[in-house]
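What follows is the residue order along each chain.
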Amino acid sequence: MHSADDVLRSLLALLEKDIQKMTIDIWFSDATAVELRRDCFIIRTTTPYKKEIITSRFGDLVKKTLEQIFSAEMDLIVLDADEPIPGLDSGANTAANAPHAPKYTFDDFIVGASNRFAHAAAIAVSKKPAHVYNPLFIYGGSGLGKTHLMRAIASSIQRDRPHFRILYLRCEDFTNEVIAAIQNGSMEEFRNKYNMVDVLLIDDIQFIAGKEQTQNEFFNTFNTLYDAHKQIVLTSDRPPREMYTLDKRIQSRFEMGLLADIQPPDYETKIAILKQKCINIDLDVPDTLLKYIATNATANVRQLEGILNHLKADHDLEGGEITMDTVRRSIKDILIGTGSKPTPSLIIEEVCKYYNIKPDRIKVKNQSKDIVVPRQIACYILQQLTDLSLKEIGTQFGGQHYTTVISSINKIKNEMRDNPEIANIVKDLMSNLSEIEPST
């Protein structure tokens, strides 16, 4: 298998074992392969609502099928027609390939009392990059529009200053690049890539907390860009002071610019968002039903969009008018799992990611010093965030006896009381897990 196109053909052929061919034709016929990376496969579809359906309805199955193809875990990234390829390499980081996305503009961002300050700050930065509010640090809950504002900044700067080198990526991508550069002995190339940009935008920067080497490299990159009067924009689910394992020198850098928070939208803003989204996807929904959605759905903008995409899919496939029954069904389907607890595998995965160890090492009986503490922390978090019994927690780690699980949990409780470092690590991990939306 030598190309991304080969992978897509093999993937669709294997999916026919679990999905009817007609269903595959509906959702995947116009999908194209974009890029095959070491740990993920990127495809592009034609519309935002097709992206939503592929991700939410078929995402888990596609990932399992990719694992079958590669005999290794593979992530899936689905882009719509307007989205850029995330994490462009240094050679592609030119103005022509900067992260311009027509879907994410200031004109399409619905402004309300909950986000007006962040919106105004973002516009100011886009007009005078590195001259006002540097860095700009936007924080708030999941799905409230932080990424939209960040991408709108990139689009605006690219339009007005086409010679600018703009780089947008997630914090996880930055961390992975640091690890790869260390492994490959290419730190100089890594640093050159970031030090040459005019605008650096990093999403979900909270995940940098506790990762010592990543923090060191980010600190150096930040200082180089700031001293060279380059713009830095960051988003997070919380303010810097609540990143408990964040290096204090980095916290001070975050706070030296402007902190702008985004709160959940009020009822009127939700109505405005729903009406704009209906226009964007060419969907006619009566005002009474939009009011019902705004009243009964959560305040998460991403979920509001998901409900409309679900209605659009039902309407395109089945025809007929959109009724209260279809709205209720869409709300139920989209919000099923909202507020649900993280899975044991997700908890273990996040703990292992923090400590940079493989999950299979923590799941077997292993008394190595670098494994014992992460396993104890995982036991504690599993007890706090799931309904698993002590015996069931033990089965996650090679069949540990429940008395060993109790000992691990009590050990971490004591450590959290006496050791601020452990307490902060646990707080950060639990905060991160609360923001990760479970797969449906």
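As the structure is a computational prediction, the values presented were derived from the model and not from experiment. (Residues numbered from 1 in each chain as written. Predicted model: local features only at pLDDT ≥ 70, side-chain atom pairs only at ≥ 80, totals over all residues. Heavy atoms only, no water.)

Engineer: Help me understand the overall build of the protein in this model?
Structural biologist: Across its full length, the protein carries 19 helices and 8 strands. At 23 Å, the protein has a C-alpha radius of gyration in line with the 22 Å of a compact globule built from 440 residues. Summarising its shape, the C-alpha atoms of the protein cover approximately 60 × 55 × 50 Å along the three principal directions. Every one of the 440 residues in the protein was classed for burial, and the buried ones make up 48%. For the protein, the share of sequence-separated contacts (at least 6 apart) that also reach a separation of at least 24 residues comes to 72%. Of the roughly 20900 Å² of accessible surface on the protein, a fraction of 49% belongs to carbon and sulfur atoms. (Helix = DSSP H or I, 4+ residues; strand = E, 2+ residues; numbered from the N terminus. Rg over C-alpha atoms; globule rule 2.2 N^0.38 Å. Buried < 20%, exposed > 50% of the residue type's maximum accessible area, 1.4 Å probe, protein only. Contact = heavy atoms within 4.5 Å. Areas by Shrake-Rupley, 256 points an atom, 1.4 Å probe, with all protein chains shown as cover.)

Engineer: Please clarify how the sheet that holds strand E5 (residues 166-170) should be interpreted in this entry.
Structural biologist: By definition, the strands of a sheet pair up through backbone hydrogen bonds, in either a parallel or an antiparallel sense. Across the sheet, 5 strands lie side by side as E5-E6-E7-E4-E8; this open sheet has parallel pairing. Strands with a single pairing partner mark the edges of an open sheet, and in this sheet they are E5 and strand E8 (258-262). In this sheet, adjacent strand axes meet at a mean angle of 15° when their direction is disregarded. Pairing of strand E6 (residues 199-203) with strand E7 (residues 231-236) involves 4 bridges; the strand directions are parallel. Opposite Val199, over in E7, you have Gln231 as the bridge partner. Along the sheet, helix H5 (residues 146-160) makes contact with strand E4 (136-140), E5, E6, E7 and E8, crossing E6 at roughly 165°. (Pairing = 2+ DSSP bridges. Axes fitted to C-alpha atoms, helices over the stretch in contact; angles between N-to-C directions.)

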